[in-house]
Amino acid sequence: MADTLLTAELDETHTAPTFAELGVRDEIVRALGEIGIERTFAIQELTLPLALAGEDLIGQARTGMGKTFGFGVPLLHRIATADTGTTPLDGTPRALIIVPTRELCIQVTQDLENASKYLKNHQGQLRVLSIYGGRPYESQIAALRSGVDVVVGTPGRLMDLADQGHLILGKIGVLVLDEADEMLDLGFLPDIERILGMVPTQRQTMLFSATMPGPIITLARTFLTRPTHIRAEEPHDSAIHDRTAQFVYRAHALDKSELVAKVLQAESRGATMIFTRTKRTAQKVADDLADRGFAVGAVHGDLGQIAREKALTKFRKGAINVLVATDVAARGIDIDDVTHVINYQCPEDEKTYVHRIGRTGRAGRTGVAVTLIDWDELNRWAAIDTALALGIPDPV
């Protein structure tokens, strides 16, 4: 599938190079420095030299390993640098990043805007646009008309705007597929294949995916040219984070609110995510915690897109430090300093469990995951416990 496989393990003694040492443009180095980023993470250290040289690559890394700047920095560097083989910036998109969810779309856009603050195009400031459903078409069409250099979008809306002739894909020089396995789960593969058929064959393509199921391998074989396969992981990395302490308790539905309130009063608690399986439960838990005086927000499908974005922004900025979310709504939420994850309801399966608790213990920090299991959830929990060999088949 790939010519080369590079695996990075984060050795404690290794000093990561800075972005400047890897030859990244001064404007980008300066912008990253202003948000406190100087040295690379493992995935960035491996991807940057290849990506800056315009090579195709497959990055295998969990969310929270720093992959956004792993593809974002070389992408910005290449489209802003005249001699890299991408055509000069004239307001037609030069780079396209396809992501599975609105939340991830907003976040990747924000990261790229931060990194490109000092980069210029023919009109002045280099422009990044996010395109996703649930928002009016008019403002997105108007932005494309006035000129955009980088487009970050979800497959459905990208497809719509490309079909209508508003999104011009004929000059794309760098294409990124982020969280490809999530896009497969959400049924976006046909859209993605159509979009890939509309961009120039002479381009750089980077694909990122936590896992590599068959259809993603096929996609990579079809649309990437002799890619290097990069895996970034920490020593003895496993499906379950070694950096996350896991606690599992049996709890009756009526006692769960009380238990959650106790966990939230822990001394070292910082930003906390609480997961529920249903939209109704998510809202009920959020209301209950608000009544108890906690700074809490909710993200679920019954809330409008604007309400969800408000809650997320507040959580990111620390205006609230508890976020209650359903699994679907939480896809693509990637916040580094979550200290605690609480599973208010038992996850659907082991994959969901790993996804949920993976929100903590990020970027070298430690985290705590607490799972509350009701009596009618014991069978489901036993299956998760067996699949992940946790050794907690019978919660106390």
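In short, a report on the structure. (Residues numbered from 1 in each chain as written. Predicted model: local features only at pLDDT ≥ 70, side-chain atom pairs only at ≥ 80, totals over all residues. Heavy atoms only, no water.)

Some words on helix α8 (residues 189-198)
And step 1. Burial in α8 covers these residues: L189, I192, I195 and L196. Each buried residue of α8 sits inside an arc of 120° when the element is viewed along its axis, so together they form one side. Counted as exposed and oriented over 90 degrees from the buried face of α8: P190 and G197.
And step 2. Of the surrounding secondary structure, the elements contacted by the buried residues of α8 are β3 (95-98), α6 (155-163), β8 (174-177), α7 (180-185) and α9 (214-223). (Buried < 20%, exposed > 50% of the residue type's maximum accessible area, 1.4 Å probe, protein only. Helix = DSSP H or I, 4+ residues; strand = E, 2+ residues; numbered from the N terminus. Arc of directions from axis to C-beta. Contact = heavy atoms within 4.5 Å.)

Considering the packing of helix α4 (residues 102-115) against helix α12 (residues 305-317)
And step 1. One way to put it is that α4 packs onto α12 with a least axis distance of 11 Å and a crossing angle of 50°. As the angle between them shows, α4 and α12 are arranged oblique. The two elements α4 and α12 meet at a crossing, and its hand is right-handed. Between α4 and α12, the contacting residues are R102, E103, I106 and Q107 on the first element and Q305, R308, E309, L312 and R316 on the second.
And step 2. A breakdown of the residues in the contact of α4 with α12 according to their chemical character gives two nonpolar, two polar and five charged. (Axes fitted to C-alpha atoms, helices over the stretch in contact; angles between N-to-C directions. Parallel < 35°, antiparallel > 145°, perpendicular 65-115°, else oblique. Left-handed = near helix turned anticlockwise from the far one by under 90°. Nonpolar A, V, L, I, M, F, W, Y, C, P; charged D, E, K, R; others polar.)

Side note on the pairing of strand β14 (residues 322-326)
And step 1. Along β14, five of the five residues are buried, which leaves the element largely enclosed by surrounding structure.
And step 2. Residue alternation in β14 divides its side chains into two sets, V322, V324 and T326 and L323 and A325, and both sets are buried.
And step 3. Inspection of the sheet shows strand β12 (residues 271-276) paired to β14 by five bridges, in the parallel sense. If you follow T276 over to β14, its bridge partner there is T326.
And step 4. Taken together, the four bridges between strand β13 (residues 296-299) and β14 define a ladder with parallel strand orientation. (Pairing = 2+ DSSP bridges.)

Let's talk about the pairing of β3
And step 1. By the alternation rule, side chains of β3 split into A95 and I97 and L96 and I98, which are all buried.
And step 2. Across four bridges, β3 lies against strand β7 (residues 150-153) in parallel orientation. When the sheet's bridge partners are listed, I98 is paired in β7 with G153.
And step 3. Across four bridges, the pairing between β3 and β8 is parallel. The residue of β8 that forms the bridge with I98 is L177.

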